[in-house]
Amino acid sequence: LRKRIIRAEKMEVVSHLAASISHEVRNPLTTARGFIQLLEQSHLSQEKRKQYIRIAIEELDRAEAIITDYLTFAKPAPESVENLNVKTEMERVIDIVRPLANMNSVEVQTSLIPCNVKGERQKLQQCLLNIIKNAIEAMPNGGTLEVYISIEKDQVLIRISDTGVGMTKEQIERLGEPYFTTKGRRGTGLGMMVVYRIIESMGGTIQIASEVNKGTQVSLYLPLTQSLHTPSVEQKRDAFVAL
Ligand code: ADP
Ligand code: MG
């Protein structure tokens, strides 16, 4: 398997996720509006009419896809950094993608252990969702999605593997570059950029291993915070005081 450690620094171009969204969504909305406006012309052929409607729908789908890549878990109130149990967050995301997995005949195998990282819940979930969605989309004719969590020294390892189409060396290198997609109009090329941004902000790293027609393995390493099993000194003291 080819291995590439991709630096998160190349994502610095986009400073704030939230700030990019209105910009990203406005373009397809403007295009859709333009084509709907064209439909008002009375002399249009049936063929042209159909074509304009199709383009408008494609653009609306694109706006929706961009929102999915950024804001699936967004809440009205801003979130703060807290201790997150990776297993719980992963289970939530797997529940959400299960219909998509079923549609693609993808079997989901999990091996999850509870462990804590520091971060914002909606960002971690968004990041996991974007990686898992890519894995499932890489297996249009079925396959196996494997999700694995372990503790490696002072880091949490989250590994998401698929048996899908895989990537070439060039594709691996471009991963996370804004607008890089091999999915044509159906791709945004923003999902992995969001992933790199989030993992960077959490002080983590990403490792990609992929082989064409074999599959892809995305490994996330995040700093481990106080394990659920070994209470901190403070927790022990609080327990003592509670007695
Ligand atoms: P999008 O999914 O909208 O294309 P992403 O940023 O999520 O954008 O992914 C960019 C590209 O990286 C994809 O178009 C695809 O070519 C490649 N890619 C990402 N994950 C995988 C995967 N698990 N297997 C194969 N290719 C992948
Ligand atoms: Mg994607």
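Just so it is clear, the structure is predicted and the values come from calculations on it, not from any experiment.

Thresholds applied
Residues numbered from 1 in each chain as written. Chains lettered and ligands numbered in written order. Predicted model: local features only at pLDDT ≥ 70, side-chain atom pairs only at ≥ 80, totals over all residues. Heavy atoms only, no water. Helix = DSSP H or I, 4+ residues; strand = E, 2+ residues; numbered from the N terminus. Contact = heavy atoms within 4.5 Å. Salt bridge = Lys/Arg side-chain N within 4 Å of Asp/Glu carboxyl O. Core = buried A, V, L, I, M, F, W, Y, C linked by side-chain atoms within 4.5 Å. Buried < 20%, exposed > 50% of the residue type's maximum accessible area, 1.4 Å probe, protein only. Near = heavy atom within 4 Å. Polar contact = N/O pair within 3.5 Å; in protein donor to acceptor, adjacent residues only side chain to side chain. Areas by Shrake-Rupley, 256 points an atom, 1.4 Å probe, with all protein chains shown as cover. 1 Å grid on protein atoms, 1.4 Å probe; cavity = no way out; pocket = protein on both sides within 12 Å on 5 of 7 lines; lining within 4 Å. Sits in = over half its atoms within 2 Å of the grid points. Nonpolar A, V, L, I, M, F, W, Y, C, P; charged D, E, K, R; others polar.

Colleague: Can you walk me through the environment of L84 in this structure?
Modeller: Mapped onto the elements, L84 comes out in strand β2 (residues 82-85). Expressed as a C-alpha distance, the spacing of L84 and N116, which sit 32 residues apart in the sequence, is 5.3 Å. The residues contacting L84, other than those within four sequence positions of it, are E89, C115, N116, V117, G119, E120, R121 and L124.

Colleague: Explain the pattern of salt bridges to me, please; I cannot follow it from the model alone.
Modeller: Where charged atoms from two side chains of opposite charge approach closely, those side chains can pair. This model, assessed by the stated rule, comprises twelve salt bridges. Through salt bridges with shared partners, a single network forms among D69, K133, E137 and K183.

Colleague: I would appreciate a short explanation of the nonpolar core in the present structure.
Modeller: By size, the foremost hydrophobic cluster in this structure holds 49 residues, and its most contacted members are M90, I132, L145, I158, I160 and L220. Per-element accounting of this core gives the leading share, eight residues, to helix α4 (residues 121-137). Contact partners of I132, with chain neighbours within four places excluded, come to M90, V93, I94, V97, L145, V147 and I160.

Colleague: What's the story with the site of ligand 1 in this structure? I'm lost.
Modeller: Around ligand 1, the structure places 19 residues, and the nearest of them are N134, T181, T182, K183 and T188. Here an oxygen atom of ligand 1 sits 3.3 Å away from a polar atom, N or O, in the main chain of G191. One of the backbone nitrogen or oxygen atoms of M192 is found 2.8 Å away from an oxygen atom of ligand 1. Coverage of ligand 1 by the protein amounts to 94% of the 530 Å² it exposes when considered alone. Put simply, ligand 1 lies in the largest pocket. Here the shell around ligand 1 is built from residues that sort into eight nonpolar, nine polar and two charged.

Colleague: Would you mind going over unusual backbone geometry with me for this structure?
Modeller: Most of the time, phi is negative for any residue but glycine, and the peptide bond is trans. In the Ramachandran plot, S105 falls in the positive-phi region, its phi being about 55° despite a non-glycine side chain. With a relative accessible area of 55%, S105 lands in the exposed category. With a phi angle near 75°, Y179 is a residue other than glycine that sits in the positive phi range. With respect to the secondary-structure elements, Y179 resides in the loop between α5 (169-174) and α6 (191-201).

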